[in-house]
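# Observations on the three-dimensional arrangement
Here are the chains, one letter per residue:
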Amino acid sequence: MARIRFTRELSHKIAVFVLTFFSYALFHANRKAFSNVKTSTGNVWTPSSDNVTLQVKPDNIWNKHHLFEDTDEAEKFQGYLDTAFMLAYAAGLFINGYVGDRVNMRLLLTSGMGLTSVVIFIFGCVCEWCGFYNKYFYMIIWIVNGLAQSTGWPVVVACMGNWFGHGSRGLLLGIWSSCASIGNIIGALLVSSVLHYGYEYAFLATTSSLLCGTFCVFFGLVPSPLDVGLEEPKDMSPSITESRYNPGIHQENEPLLSDAGMSDEETLEHSESTVVYDVETVRPALSFFQAVLLPGVIPYSLAYAFLKLVNYSFFFWLPLYLNRTFHWAESRADQLSTVYDVAGIVGGTLSGFISDRIGKRSIIVVPMLILSIPALLVYKDSPNDQLINAALMSIIGFFIGGAANLISAAISADLGCQKALSGDDRALSTVTGVIDGSGSFGAALGQIAVPYLQLGLGWASVFYMFMICMFLTAICLWPLFMKELRSFAFFARLMGCRCCRSRGAASINDQYYR
């Protein structure tokens with residue numbers, strides 16, 4: 001009987017892992033498409049007579065609709081688009097994070113995926129096929145894109161947090177958080193494979209895949225174990241009937257899946273695992289400001305604002321940097337930029353595994369942030385050699401991308417169901433929205449700073465800005481890092497600190513931050 005329950009629960013966990021992983025990966029593949037065609041779109045938006053794409057356009061249409069006089073102006077506008085997207089995305093994260101704890105998360109996620117596929121198709125395909133070039137329309141459609149995509153991250157992290165407890169969350173979510181990097185890789189490979197047909201086909205390929213994923217998520221995703229009559233992870237919160245629900249008049253929670261077709265033994269086992277509670281005494285989800293004031297949320301939100309600025313600057317501008325600086329073909333630059341994402345996957349997985357073992361997060365994240373500074377300094381002077389550039393890129397991807405993956409997934413989930421909630425763990429989506437939203441505001445400022453710094457002072461100034469941001473990220477987390485460091489018994493003995501000796505090492509479940 002126990003084996004049947006384990007098999008049923010495991011099958012749901014696998015489905016949730018796969019569906020949330022690929023739903024957000026497809027979001028990122030679509031987000032990456034624009035980054036990978038910046039050279040092509042910049043050429044189309046400017047009257048460059050030597051551009052191959054323009055040779056197939058009727059002269060009267062092109063001369064009537066070109067947007068900018070030179071590629072520098074086009075590059076600045078691309079920065080404005082990135083900034084508008086990130087600002088809308090950040091605002092949407094705060095809103096959808098709050099809403100996600102109060103509505104059906106499956107419907108919220110699928111609506112965002114469907115809307116995203118439509119608006120990107122209009123931006124990249126319809127406008128090009130109709131010969132319609134208008135920067136105000138582009139700006140509006142890209143703002144809508146940011147709002148639509150903001151439904152993704154709070155929902156998928158909340159779903160994963162609902163199904164998986166604290167015990168192996170660092171490793172599990174370290175692996176799972178590679179969905180963003182996998183999406184970047186998928187997007188880069190799709191774009192590079194069809195770019196020779198025209199940049200609009202890059203958008204067509206990515207939006208088609210996202211639309212297919214929308215239907216899979218709509219029919220397959222189960223946001224919470226309670227929706228199918230299973231219990232939440234035992235190490236996630238106190239017992240449900242003691243903490244989230246008050247004793248009183250009870251009634252059964254009807255699962256989404258019926259018992260039709262089960263054997264008598266399976267039906268009995270299913271009925272034993274059915275959660276019983278009083279519907280009218282369910283405690284409401286935390287308010288937005290209560291979630292912000294949870295221990296650890298503000299330091300990590302500030303830190304992620306600086307960290308995401310750097311991480312997303314590589315996301316948005318790395319292919320263009322490789323193309324402009326080393327004069328590598330755009331499709332080749334797209335392929336090489338995936339090294340950064342692959343290294344981020346390794347960094348996030350390894351840091352998650354180690355943080356699970358030692359029961360600490362900041363003590364792993366802060367050294368990665370500090371080591372990223374000399375790595376950026378070396379990469380700034382990378383020679384015009386693809387192998388050496390890829391090796392140096394992998395180092396900064398390991399430190400920066402790995403730290404970003406750990407904060408955005410495992411740490412956000414930890415903070416969203418910590419003991420300070422007193423058993424009310426319905427803050428997962430809200431806390432995730434706060435942290436990622438703060439990061440997106442920082443990233444928005446970076447996307448408008450990068451083109452101006454690059455055009456005015458050169459790419460070296462951009463990398464110096466990245467180093468400053470990584471230093472500020474480490475400063476924001478330094479108090480938490482020192483507190484975790486002092487909690488180790490061996491460190492207490494080394495320093496002769498009696499109070500630390502008596503406390504010992506704290507677990508992840510209660511480290512935030514009494």
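Residues numbered from 1 in each chain as written. Predicted model: local features only at pLDDT ≥ 70, side-chain atom pairs only at ≥ 80, totals over all residues. Heavy atoms only, no water.

## Notes on the overall build of the chain
Looking only at helices and strands, the chain has 21 helices and two strands in total. Evaluated residue by residue, the chain yields a buried proportion of 59% over its 514 residues. For the chain, the proportion of contacts with a sequence separation of at least 24, taken over those separated by at least 6, is 84%. Here the chain has roughly 20,600 Å² of accessible surface; of this, 65% comes from carbon and sulfur atoms. (Helix = DSSP H or I, 4+ residues; strand = E, 2+ residues; numbered from the N terminus. Buried < 20%, exposed > 50% of the residue type's maximum accessible area, 1.4 Å probe, protein only. Contact = heavy atoms within 4.5 Å. Areas by Shrake-Rupley, 256 points an atom, 1.4 Å probe, with all protein chains shown as cover.)

## Considerations on helix H6 (residues 135-149)
Three or four residues apart is the spacing at which side chains of an α-helix point the same way, because the helix has 3.6 residues per turn. Helix length check: H6, at 15 residues, gives a terminal C-alpha distance of 21 Å against a target of 21 Å (1.5 Å per residue), a fit within 8%. Looking at H6, one finds that the buried residues are Tyr138, Ile141, Trp142, Asn145, Gly146, Ala148 and Gln149. Take H6 and look down its axis: the buried residues cluster within an arc of 160°, on one side only. Relative to its buried face, H6 has exposed residues pointing more than 90 degrees away, namely Tyr136 and Ile140. Capping the start of H6, Asn134 holds a side-chain oxygen 3.0 Å from the backbone nitrogen of Tyr136, two or three residues further along. (Expected span 1.5 Å × (residues − 1). Arc of directions from axis to C-beta. Polar contact = N/O pair within 3.5 Å; in protein donor to acceptor, adjacent residues only side chain to side chain.)

## Points about the state of the cysteines
Enumeration according to the criterion identifies zero disulfides in this entry. The structure places no disulfide on Cys212, whose sulfur is separated from the nearest cysteine sulfur, that of Cys216, by 7.3 Å. (Disulfide = S-S within 2.5 Å.)

## Description of the packing of aromatic side chains
The tally for this structure, following the rule as stated, stands at 37 aromatic pairs. Ring geometry for Phe34 against Phe123: centres 5.8 Å apart, planes inclined by 85°, an arrangement best described as edge-to-face. Residue Phe34 is located in helix H1 (residues 2-36), and its partner Phe123 is located in helix H5 (residues 105-129); the two are separated by 89 residues in the primary sequence. Assigned by exposure class, Phe34 and Phe123 land together as buried. Seen from their ring centres, Phe314 and Phe466 are 5.3 Å apart, and the 40° between their planes marks the pair as tilted. (Phe/Tyr/Trp six-rings, centres within 6.5 Å; stacked < 30°, edge-to-face > 60°.)

## A few points about helix H16 (residues 362-380)
Across its 19 residues, H16 extends 27 Å between first and last C-alpha, which sits within 8% of the 27 Å expected from 1.5 Å per residue. Along H16, the residues classified as buried are Ser362, Ile363, Ile364, Val365, Val366, Met368, Leu369, Ser372, Ala375, Leu376, Tyr379 and Lys380.

## Considering empty space enclosed by the protein
Following the criterion strictly, the structure yields three cavities of 30 Å³ or more and no others. If you add up the space inside the largest cavity, you get close to 230 Å³. In this structure, the largest cavity is lined by 21 residues; those nearest its centre are His28, Ala180, Asn311, Tyr312 and Asn405. Of all the elements in the fold, those that place two or more residues in the lining of the largest cavity are H1, helix H9 (179-194), helix H14 (297-326), helix H15 (330-358) and helix H17 (386-416). The element contributing the most residues to the lining of the largest cavity is H14, with six residues. Estimates place the volume of the second largest cavity at around 70 Å³. If you go around the second largest cavity, the residues you meet are Ser313, Phe314, Trp317, Leu318, Tyr321, Val450, Trp459, Val462, Phe463 and Phe466. Of all the secondary-structure elements, those providing two or more residues to the lining of the second largest cavity are H14 and helix H19 (459-486). It is H14 that contributes the most residues to the lining of the second largest cavity, five residues altogether. Looking at the lining of the second largest cavity, its residues break down into nine nonpolar, one polar and no charged. (1 Å grid on protein atoms, 1.4 Å probe; cavity = no way out; pocket = protein on both sides within 12 Å on 5 of 7 lines; lining within 4 Å. Points joined across faces, edges and corners; volume = space filled by probe spheres on them. Nonpolar A, V, L, I, M, F, W, Y, C, P; charged D, E, K, R; others polar.)

## Details of the nonpolar core
Nonpolar side chains tend to gather and get buried jointly when the protein is soluble and globular. Core analysis: the biggest nonpolar cluster contains 124 residues, and Trp45, Trp153, Trp176, Phe314, Leu322 and Tyr379 have the highest contact counts within it. By residue number, the principal contributor to this core is H14, which donates 17 residues. (Core = buried A, V, L, I, M, F, W, Y, C linked by side-chain atoms within 4.5 Å.)

## Quick word on the side chain of Asn323
Within the fold, Asn323 resides in helix H14. Taking relative accessible area as the criterion, Asn323 reaches 15% and is therefore assigned buried. A distance of 2.9 Å separates a polar atom in the side chain of Asn323 from the backbone oxygen of Trp328. Setting aside its immediate chain neighbours within four residues, Asn323 contacts Thr39, Trp328, Ala329, Glu330 and Ala333.

## Topic: the pattern of salt bridges
Two side chains with opposite charge may pair up if their charged atoms get near one another. Tallied over the entire structure, the rule returns four salt bridges. The partner of Arg324 in a salt bridge is Glu75, and the shortest N-O contact between them spans 2.7 Å. In this pair, Arg324 is assigned in helix H14 and Glu75 in helix H4 (residues 71-100), connecting sequence segments 249 residues apart. Residue classification places Glu75 among the buried residues on the basis of a relative accessible area of 2%. (Salt bridge = Lys/Arg side-chain N within 4 Å of Asp/Glu carboxyl O.)

## What about the packing of H4 against H6?
For the pair H4 and H6, interaxial distance at closest approach is 7 Å and the crossing angle is 30°. By the angle class used here, H4 and H6 are roughly parallel. The two elements H4 and H6 cross, and the hand of that crossing is right-handed. Between H4 and H6, the residues in contact are Phe77, Tyr80, Leu81, Ala84, Phe85, Ala88, Tyr89, Gly92 and Asn96 and Lys135, Tyr138, Met139, Trp142, Ile143, Asn145, Gly146, Leu147 and Gln149, respectively. Per-class residue counts for the contact of H4 with H6 are twelve nonpolar, five polar and one charged. (Axes fitted to C-alpha atoms, helices over the stretch in contact; angles between N-to-C directions. Parallel < 35°, antiparallel > 145°, perpendicular 65-115°, else oblique. Left-handed = near helix turned anticlockwise from the far one by under 90°.)

## Observations regarding a nonpolar patch on the surface
A surface patch of nonpolar side chains, amounting to about 520 Å² of accessible area, comprises Leu107, Leu211, Phe215, Phe218 and Phe219. Here the nonpolar patch takes four residues from helix H10 (residues 199-220), the largest share from any one element. Along the chain, Phe218 falls in helix H10. Judged by its relative accessible area of 34%, Phe218 is partly exposed. (Patch = residues over 30% accessible without salt bridge, like charges linked within 9 Å, V, L, I, M, F, W, Y side chains within 5 Å.)

## Here we look at the confidence of the model for the chain
Summarising the model, the chain shows a mean pLDDT of 76, and 74% of its residues fall at 70 or more. Contacts from residues 1-5, a stretch scored under 50 in pLDDT, to residues over four places away or in other chains number seven contacts. Scored below 50 in pLDDT, residues 49-57 makes twelve contacts in the model with residues more than four places away or belonging to other chains. (pLDDT = per-residue confidence, 0-100.)

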